[in-house]
Amino acid sequence: MVFPDNHKLKGKPKGIKQVLTECNIWPEKGIRLMCEQCSGKQDDIVSERLDCCARRIMSLQPDFCEQRSILKEAIIKAGHIFERYPKFHCECNFIERYWGFAKRETRRLCNYNYNDLLLKVPEVLISVPVTTIHKFACKSWRYMDAYNKGLEGRTAEWAVSKYKSHHRLPDNIERIMDDLDNT
Ligand SMILES: [Zn+2]
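Now for a description of the structure that goes with this document. The shown structure was predicted, so the numbers you read here are calculated from the model rather than taken from an experiment. (Residues numbered from 1 in each chain as written. Predicted model: local features only at pLDDT ≥ 70, side-chain atom pairs only at ≥ 80, totals over all residues. Heavy atoms only, no water.)

**Some details on the layout of surface pockets**
No. 1: In this model, the largest pocket occupies a volume close to 160 Å³.
No. 2: Taken together, M1, V19, L20, C23, M58, Q61, D63, F64 and Q67 make up the lining of the largest pocket.
No. 3: Here the residues of the lining of the largest pocket are counted per class, giving 6 nonpolar, 2 polar and 1 charged. (1 Å grid on protein atoms, 1.4 Å probe; cavity = no way out; pocket = protein on both sides within 12 Å on 5 of 7 lines; lining within 4 Å. Points joined across faces, edges and corners; volume = space filled by probe spheres on them. Nonpolar A, V, L, I, M, F, W, Y, C, P; charged D, E, K, R; others polar.)

Written out as structure tokens, the structure is:
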């Protein structure tokens, strides 16, 4: 992705046109660098676009798709698991409940000045019992289980509140929901 040492621009990053030309996929008639949809200025309705602009062509190249982000590389290198949750579904991530719990506790305990916050936030984060965090994790699991069983929105919420016993909802949950619909 950078010019080689024998090039007058050595060490400088290559532009998209240069990269695509070297891969023989730069269109002969030329192409704009980025289209309205890819720039996010328009609603991205057509996600099937293959060659709307140079940026799109580049982003679809296999080696480009396989490249891990710096964040992902750093996390994996440190021996952790890199996992992404679905966007806009904080209920699937127990850390959100832990964080919310810690915020409520901090609000209750702090005397509303910055220096006190610097002390209280770490104290409160450590003070949340592991059993409580475990319960948050169980709740997130139940949401994931509900979604896996095809439930959505309010129905999923209802099912999660109903079945408090374990990680999983009962396997016959779809039938139970159908019965409810028919009553
Ligand atoms: Zn585009």
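**A few points about the coordination of the zinc ion**
No. 1: For the zinc ion, the full set of protein donor atoms is C35 (SG), C38 (SG), C52 (SG) and C53 (SG), and the range of their distances to it is 2.3 Å.
No. 2: Each of the 4 donor atoms bound to the zinc ion contributes to angles spanning 104 to 118°, and the resulting shape is tetrahedral. (Donors = N, O, S within 2.8 Å, 3.2 Å for Na, K, Ca; no water. Tetrahedral: all angles 85-135°; square planar, octahedral: opposite > 155°, others 65-115°.)

**A look at helix α9 (residues 153-162)**
No. 1: For α9, the full list of buried residues reads A156, A159 and V160. All buried residues of α9 project into a common sector of 100° when viewed along the axis, lining one side. Residues of α9 that are exposed and point more than 90 degrees away from the buried face comprise R154 and K162. (Buried < 20%, exposed > 50% of the residue type's maximum accessible area, 1.4 Å probe, protein only. Helix = DSSP H or I, 4+ residues; strand = E, 2+ residues; numbered from the N terminus. Arc of directions from axis to C-beta.)

**Some thoughts on the packing of aromatic side chains**
No. 1: Across all of its chains, the model carries 2 aromatic pairs by this definition.
No. 2: Look at Y143 and Y147: their rings are 6.1 Å apart centre to centre, the planes differ by 45°, and that puts the pair in the tilted class. Placement of the pair is Y143 and Y147 together in helix α8 (residues 130-148), with a separation of 4 residues, close to one helical turn. (Phe/Tyr/Trp six-rings, centres within 6.5 Å; stacked < 30°, edge-to-face > 60°.)

**Focus on helix α6 (residues 94-109)**
No. 1: An ideal rise of 1.5 Å per residue puts 22 Å on 16 residues; α6 measures up with 23 Å between its terminal C-alpha atoms.
No. 2: Inspection of α6 places Y98, G100, A102 and T106 among the buried residues, and these make up the whole buried set.
No. 3: Looking at the buried residues of α6, the elements they touch are α7 (114-127) and α8. (Expected span 1.5 Å × (residues − 1). Contact = heavy atoms within 4.5 Å.)

**Focus on the pattern of salt bridges**
No. 1: Inspection of the entire model under this criterion finds 4 salt bridges.
No. 2: In this structure, D145 engages K149 in a salt bridge whose closest nitrogen and oxygen atoms are separated by 2.9 Å.
No. 3: Its relative accessible area of 13% is what places K149 among the buried residues. (Salt bridge = Lys/Arg side-chain N within 4 Å of Asp/Glu carboxyl O.)

**Points about the environment of G15**
No. 1: Considering the arrangement of structural elements, one finds G15 in the segment before α1 (16-22).
No. 2: A sequence separation of 13 residues divides G15 from V2, and the C-alpha atoms of the two residues are 8.8 Å apart.

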